[in-house]
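Coordinate inspection notes
What follows is the residue order along each chain.
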Amino acid sequence: MTVNDEDKVIQDFVAEGALLLGGGRAILMQLAHPDIARAIARHSAFDEHPERRLIHTLCYVYAVLAGTAEQRAWVIERVNAEHRPVRGSRNGRQAAYSARDPRLQLWVAATLYDSAHTLAQQVLPPLSPGVEESIYRFYHRLGSALQMPEQNWPETRSAFEEYLRATTHSLQVSEQARHLAQQLFAAQHAPWWIRVVMPTVRAVTIETLPPALTLGFGLRSTRATRRRARACLAGARWATRCLPRRIRRIPLSLSLRYLHRTFRKVNGEQ
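Some words on the packing of aromatic side chains
In the structure shown here, the tally under the stated rule is nine aromatic pairs. Between the aromatic rings of Tyr 113 and Trp 153, the centroid separation amounts to 6.3 Å while the plane-to-plane angle is 85°, which identifies the pairing as edge-to-face. In this pair, Tyr 113 is assigned in helix 6 (residues 102–123) and Trp 153 in the loop between helix 8 (140–144) and helix 9 (157–170), connecting sequence segments 40 residues apart. For the pair Tyr 113 and Trp 153, one class covers both residues: buried. One aromatic cluster is present, formed by Trp 107, Tyr 113, Tyr 136, Tyr 139, Trp 153, Phe 160 and Tyr 163 through successive ring pairs.

Laid out in structure tokens, this is it:
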């Protein structure tokens, strides 16, 4: 496979709209890290508009993995600028967290890759080992764009799985994180279409989240969540095989169009 062929395969993977079903899972895995939950609670409007993190994360992933060089550079600059002031202290002296901490950047990138990979196994046609390896290597860009040293990304997928297991086992979901998760799924201030789909996102999240974290967030797998998740994933499997590519790529197209409009507006272009 040539470099160009590999890039196309990876971007086709990223563009599959069905992978968005892992968005709630990725966010809860991030919130399970107490430093990330604390930073989000203190430095964002998550309580009022939790859906914005879904949208901003989506735009970031699409820009870094499938956008133009201009879109990628601009969104990376914006994210890094927003992260600079995100830091806190314990007892006013010892640094407790920083959005630029490489350990936190690695965990954020890991949750995005692992959630995409988990959903891909459920809804996409089987990928060859070579393609899966290429996608894994490509996803380090999400961390590198956050200024994570490239060597922090586990070298192999088996090393990644070991890192993921160890980190997940070490996490203790805080009360603050549980509150943020409740706000996310309540979606009280979200547009109507997000409120409509949120029960399904919640069900898929419960049924795909690592069991220890599901328990930590006080969530429970029930007959209703299993039935809803199965129906949603079955629909997504049908969509990835039967719908035209241009339909499946609508979230990508809309996100990049939004970035383009925002970029032009910020730079005073008409």
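The rest of the description comes next.
As for the pattern of salt bridges
All chains considered together, the criterion is met by nine salt bridges. Note that Arg 25 is salt-bridged to Asp 114, the shortest N-O span being 2.9 Å. Residue Arg 25 is found in helix 2 (residues 23–31), and its partner Asp 114 is found in helix 6; the two are separated by 89 residues along the sequence. There is no split in this pair, since Arg 25 and Asp 114 are both buried. Members of the salt-bridge network, linked through shared partners, are Lys 8, Asp 12, Arg 245 and Arg 249.

A closer look at the packing of helix 2 against helix 6
Running from N to C, helix 2 and helix 6 point in directions that differ by 150°, and their axes come no closer than 9 Å. On the basis of the axis angle, helix 2 is roughly antiparallel to helix 6. Handedness of the helix 2/helix 6 crossing: right-handed. Facing helix 2, whose interface residues are Arg 25, Ala 26, Met 29 and Gln 30, helix 6 presents Trp 107, Val 108, Thr 111, Leu 112, Asp 114, Ser 115 and Thr 118. Looking at the contact of helix 2 with helix 6, its residues break down into five nonpolar, four polar and two charged.

Focus: a nonpolar patch on the surface
Judged by side-chain polarity, Trp 192, Trp 193, Val 196 and Val 197 come together as a nonpolar surface patch covering roughly 470 Å² of accessible area. In this structure, Val 196 sits in helix 11 (residues 192–208). Looking at Val 196, the relative accessible area reads 54%, which means it is exposed.

Overview of the environment of Arg 241
Relative to the helices and strands, Arg 241 resides in helix 13 (residues 223–242). Assessed through its relative accessible area of 44%, Arg 241 is described here as partly exposed. Spatially, the C-alpha atoms of Arg 241 and Val 123 are 9.1 Å apart, while their sequence positions differ by 118 residues. Residue contacts for Arg 241: discarding those within four places in its chain leaves Val 123, Leu 124 and Pro 125. There is a polar contact of 3.5 Å between the side chain of Arg 241 and the backbone oxygen of Leu 124. Looking at Arg 241, its side chain comes within polar contact range of the main-chain oxygen of Arg 237, at 3.0 Å.

Description of helix 10 (residues 175–186)
An ideal rise of 1.5 Å per residue puts 16 Å on twelve residues; helix 10 measures up with 16 Å between its terminal C-alpha atoms. When we look at burial in helix 10, the residues that qualify are Ala 177, Leu 180, Ala 181, Leu 184 and Phe 185. The buried residues of helix 10 occupy one face: seen down the axis, they fall within an arc of 130°. The exposed set on the far side of helix 10, more than 90 degrees from its buried face, consists of Glu 175 and Gln 182. Remark: Ala 187 follows helix 10 within two positions and exhibits a positive phi of approximately 50°.

About the thresholds
Residues numbered from 1 in each chain as written. Predicted model: local features only at pLDDT ≥ 70, side-chain atom pairs only at ≥ 80, totals over all residues. Heavy atoms only, no water. Phe/Tyr/Trp six-rings, centres within 6.5 Å; stacked < 30°, edge-to-face > 60°. Helix = DSSP H or I, 4+ residues; strand = E, 2+ residues; numbered from the N terminus. Buried < 20%, exposed > 50% of the residue type's maximum accessible area, 1.4 Å probe, protein only. Salt bridge = Lys/Arg side-chain N within 4 Å of Asp/Glu carboxyl O. Axes fitted to C-alpha atoms, helices over the stretch in contact; angles between N-to-C directions. Parallel < 35°, antiparallel > 145°, perpendicular 65-115°, else oblique. Left-handed = near helix turned anticlockwise from the far one by under 90°. Contact = heavy atoms within 4.5 Å. Nonpolar A, V, L, I, M, F, W, Y, C, P; charged D, E, K, R; others polar. Patch = residues over 30% accessible without salt bridge, like charges linked within 9 Å, V, L, I, M, F, W, Y side chains within 5 Å. Areas by Shrake-Rupley, 256 points an atom, 1.4 Å probe, with all protein chains shown as cover. Polar contact = N/O pair within 3.5 Å; in protein donor to acceptor, adjacent residues only side chain to side chain. Expected span 1.5 Å × (residues − 1). Arc of directions from axis to C-beta.

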